[in-house]
Amino acid sequence: MKLLTHNLLSSHVPGLRPGAASPCASSFPAHSALGHPSELPPEPIPNYEGDEEFLRRVHHVLLEVEVLEGSLQCPDSGRRFPISKGVPNMLLTEDEA
Amino acid sequence: MSPWGCRPSPTLCLCLSSRVVEIQSQMSERAVELLGLPEDRACLLLDVGCGSGLSGDYITEEGHYWIGMDISPAMLDVAVEREVEGDLLLADVGHGIPFRPGMFDGCISISAVQWLCNADKKSHSPPKRLYRFFSTLYTALLELITAQAMRAGFTGGMVVDYPNSAKAKKFFLCLFVGTSGTLPKGLGTECAAEELHQAKFTSERTRFRNMKGKSVKKSRDWILEKKERRRRQGKEVRPDTKYTGRKRRPHF
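Calculation notes
- Residues numbered from 1 in each chain as written.
- Chains lettered and ligands numbered in written order.
- Predicted model: local features only at pLDDT ≥ 70, side-chain atom pairs only at ≥ 80, totals over all residues.
- Helix = DSSP H or I, 4+ residues; strand = E, 2+ residues; numbered from the N terminus.
- Buried ≥ 20, exposed ≤ 12 C-beta atoms within 10 Å, placed from the backbone.
- Contact = placed C-beta atoms within 7 Å.
- Pairing = 2+ DSSP bridges.
- Axes fitted to C-alpha atoms, helices over the stretch in contact; angles between N-to-C directions.

A. View of the overall build of chain B. Scanning chain B from N- to C-terminus turns up seven helices and six strands. Counting helices and strands in the order they occur from the N terminus, chain B gives α-α-β-α-β-α-β-β-α-β-β-α-α. Out of the 252 residues belonging to chain B, those deemed buried represent 28%. The contacts of chain B with a sequence gap of at least 6 include a subset with a gap of at least 24, amounting to 59%.

Dropping the structure here:
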């Protein structure tokens, strides 16, 4: 699973406000969780469109890093969705659905 | 685990058979064509019910990017083994699409939506699941900023390819977000000559029966059908013999 996909996700558990996942440009918390806090600044730098070096690093983090094992956590409910073999399991249980 | 979660292995075998593979990729080709994506830039598509990623392969070939959702871990395992380009998600679309609004340029779904009409569990309610799917899909495709976003639903309809053919006929449910575009034309509506890839089946012997769903009145077929119908109603019916429906020729 790529971090870009993580950024697109939103919790679909009913009862939570839609878009409960992390806010826009949220690659940064996710990437610092990967243990590369030095590579990217916590906020997008000004004029980032022209800064190729920065864009390359963002591209690397968003599209070239694959999460194979781990879990996704909804920041609102704390519900965890396990990732195995690179595929996150977003299935809901009976009572959540 | 959901009952789809272990979509039976016969389905898996079926999905890997060469004929099905061919049809699936043809259908995804057509589905992507129907989306009418801009040619000069790459788009991000959502593939609902991506299975082993066959439809995704075509999207990749076309230079677009995709994220696939499927409910069957077995099929997703096949997709992972095939090292498809798109990202995969194990999710039940009947529970909604877990994406933020306005994330995708389009969505395709090849032979998947009909599964939503199944109630595999007591708690499943097909209309509810379909509604959940379409309403969340709507937001996932929609850009919230556009004024059209306020329109309360999809526009679109059915596109039927090869409507005159029993074998090649395919239905595409085309939905648009906003007011873009008119419904594309179905293939083969004017000429049916294009379906030569597949074996032709003629049903000469039943041509009367197929003409309008009914046989010609007073014909032998019609009588046999009627007798069969009466038999099913539990009425007393004489057995079918070689004399059934035979004309009484005039004696000289």
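After that view, the rundown keeps rolling.
B. Seen up close, the interface of chain B and chain A. If you look at the interface, chain B gives 22 residues, while chain A gives 21 residues. Residue assignment for the side of chain B that touches chain A shows that the elements contributing at least two residues are α4 (73-81), β3 (87-90) and α5 (126-141) of chain B.

C. Unusual backbone geometry, seen in detail. One non-glycine residue with positive phi stands out, namely K85(A), at about 50 degrees. With respect to the element layout, K85(A) can be found in the loop between β2 (80-84) and β3 (87-88). Unlike most non-glycine residues, E83(B) shows phi in positive territory, near 55 degrees.

D. Spatial organisation of the pairing of β2(A). Residues and elements named next belong to chain A. What you see with β2 is a clean split: F81 and I83 sit on the buried side and R80, P82 and S84 on the side with no burial. The hairpin turn running from strand β1 (residues 70-73) into β2, its antiparallel successor, is six residues long, and G78 in that turn takes a positive phi close to 80 degrees. The sheet contact formed by β2 and β3 spans two bridges and is antiparallel. By the bridge assignment, I83 is partnered in β3 with P88. Linking β2 back to β3 in an antiparallel pair, the connection comprises two residues, with K85 at a positive phi of about 50 degrees.

E. Expanded view of the sheet that holds β3(B). Residue and element names in this part refer to chain B. What the four strands build is an open sheet, ordered β3-β2-β1-β4; its pairing is parallel. Where the open sheet ends on each side, the last strands, each with one partner, are β3 and β4 (106-108). Strand-to-strand twist in this sheet, taken as the mean axis angle between neighbours without regard to direction, amounts to 20 degrees. Bridge count for strand β1 (residues 44-48) against β4 is three bridges, and the pairing is parallel. Within the sheet, the bridge partner assigned to L46 lies in β4 and is C107. Running over the sheet, α4 touches β2 (65-70) and β3 and is turned about 165 degrees from β3.

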